Amino acid sequence: MDKNVLRNLSYGVYAVSTLDGDRAVGCIANSIIQVTYDTVAVSMNHENFTHECMEKTGKFSISIFGEDIEMNTIAFLGFQSGKDRNKFDKIETITVDGLPVVKNSVGYLICDLVDKLDTETHTIFLGKITGGEMLSDSKTPMTYDYYHKVKKGNSPKKAPTYLG
Ligand SMILES: Cc1cc2nc3c(=O)[nH]c(=O)nc-3n(C[C@H](O)[C@H](O)[C@H](O)COP(=O)(O)O)c2cc1C
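So, a few notes on the structure that sits alongside this text. (Residues numbered from 1 in each chain as written. Predicted model: local features only at pLDDT ≥ 70, side-chain atom pairs only at ≥ 80, totals over all residues. Heavy atoms only, no water.)

1. Some details on a nonpolar patch on the surface
Residues Met1, Leu6 and Leu9 make up a contiguous nonpolar surface patch of about 360 Å² in total accessible area. The residue Leu6 is located in the segment before strand S1 (14-20) in this model. Overall, Leu6 belongs to the partly exposed group, its relative accessible area being 37%. (Patch = residues over 30% accessible without salt bridge, like charges linked within 9 Å, V, L, I, M, F, W, Y side chains within 5 Å. Areas by Shrake-Rupley, 256 points an atom, 1.4 Å probe, with all protein chains shown as cover. Salt bridge = Lys/Arg side-chain N within 4 Å of Asp/Glu carboxyl O. Helix = DSSP H or I, 4+ residues; strand = E, 2+ residues; numbered from the N terminus. Buried < 20%, exposed > 50% of the residue type's maximum accessible area, 1.4 Å probe, protein only.)

2. A look at helix H2 (residues 71-78)
When H2 is considered as a whole, its buried residues turn out to be Thr73, Ile74, Phe76 and Leu77. The arc that holds every buried residue of H2, seen down its axis, measures 165°, which confines them to one face. (Arc of directions from axis to C-beta.)

3. As for the sheet that holds strand S3 (residues 32-36)
Taken in spatial order, the seven strands line up as S2-S1-S5-S8-S9-S4-S3 in an open sheet, and their pairing is antiparallel. On the outer flanks of this sheet lie strand S2 (23-29) and S3, each paired with one strand and no other. Strand-to-strand twist in this sheet, taken as the mean axis angle between neighbours without regard to direction, amounts to 35°. By the bridge criterion, seven bridges tie strand S4 (residues 39-45) to strand S9 (residues 122-134) in an arrangement that is antiparallel. (Pairing = 2+ DSSP bridges. Axes fitted to C-alpha atoms, helices over the stretch in contact; angles between N-to-C directions.)

4. Brief notes about the nonpolar core
In this structure, Val13, Phe65, Ile74, Leu77 and Val102 are the most contacted members of the largest nonpolar core, which totals 14 residues. Looking at this core element by element, the count peaks at three residues for H2. Contacts of Ile74, omitting those with residues within four sequence positions, involve Val13, Ile28, Phe65, Ile69, Phe79, Met142 and Tyr147. Listed in part, the 13 residues of the second largest apolar core include Met54, Ile62, Cys111 and Phe125. (Core = buried A, V, L, I, M, F, W, Y, C linked by side-chain atoms within 4.5 Å. Contact = heavy atoms within 4.5 Å.)

5. Digging into the environment of Ser63
Of note, Ser63 is situated in strand S5 (residues 59-64). Expressed as a C-alpha distance, the spacing of Ser63 and Leu77, which sit 14 residues apart in the sequence, is 12 Å. Among the polar contacts made by the side chain of Ser63, one reaches the main-chain amide nitrogen of Val102 at a distance of 3.0 Å. (Polar contact = N/O pair within 3.5 Å; in protein donor to acceptor, adjacent residues only side chain to side chain.)

6. Quick word on unusual backbone geometry
For Asp97, which is not glycine, the phi torsion reads 50° and is therefore positive. By the element assignment, Asp97 lies in the loop between strand S6 (93-96) and strand S7 (99-102). Positive phi, close to 60°, is recorded for Lys152, a residue that is not glycine. Mapped onto the fold, Lys152 is located in the segment after helix H3 (144-149). Overall, Lys152 belongs to the exposed group, its relative accessible area being 63%.

7. Comments concerning the site of the ligand
Residues in close proximity to the ligand total 28 residues, the closest being Ser31, Asn45, Thr50, Ser81 and Gly82. Here an oxygen atom of the ligand and a backbone polar atom of Asn45 are 2.7 Å apart. In the model, an oxygen atom of the ligand is placed 2.9 Å from a nitrogen or oxygen of the Phe49 main chain. Protein chains shield 98% of the accessible area of the ligand, which is 650 Å² for the free molecule. For the shell around the ligand, the elements supplying multiple residues, two or more each, are S2, S4, helix H1 (49-57), H2 and H3. Counting residues per element, the shell around the ligand draws most heavily on S2, at four residues. (Near = heavy atom within 4 Å.)

Here is the structure:
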């Protein structure tokens, strides 16, 4: 297979957040799709701390990032683990239905975890959308392509799109 073909699939950049007890946890994910009018799918690496917290909590939020998102927010959430530190200490959040949402986002979705499908490395979590709101009308949602080409961002090994 020519792996470069996969680089032509399109995504956005999001924070998937949930709780560890009453502590805010979460990570960056690009692999989110809307699968029905009220259901989304998220592909989450088994080793991400967010994975076990999503399973325990049974609900999660998705913060939709705009092109103006600070690269620090992506660094905090996407390149370290909530197992060892409180990643949200330095990120401004709002709380919706008890869940953390990144304040500087285009908007957010609140989901109940309703089903899952396992692969060798990642679990596809299905979330039924129970709420959602725009936080800004002026921001442009960031594509994965923009994140790489304009923001010069990288993706770590646990991102499903990692090609080595
Ligand atoms: C741009 C970007 C996209 C990512 N996409 C995903 C993804 O779709 N699924 C996933 O499991 N991890 C993805 N990651 C990796 C996780 O965010 C990363 O492993 C994080 O450190 C996990 O934190 P946790 O252990 O607190 O859950 C991505 C990271 C970045 C920077």
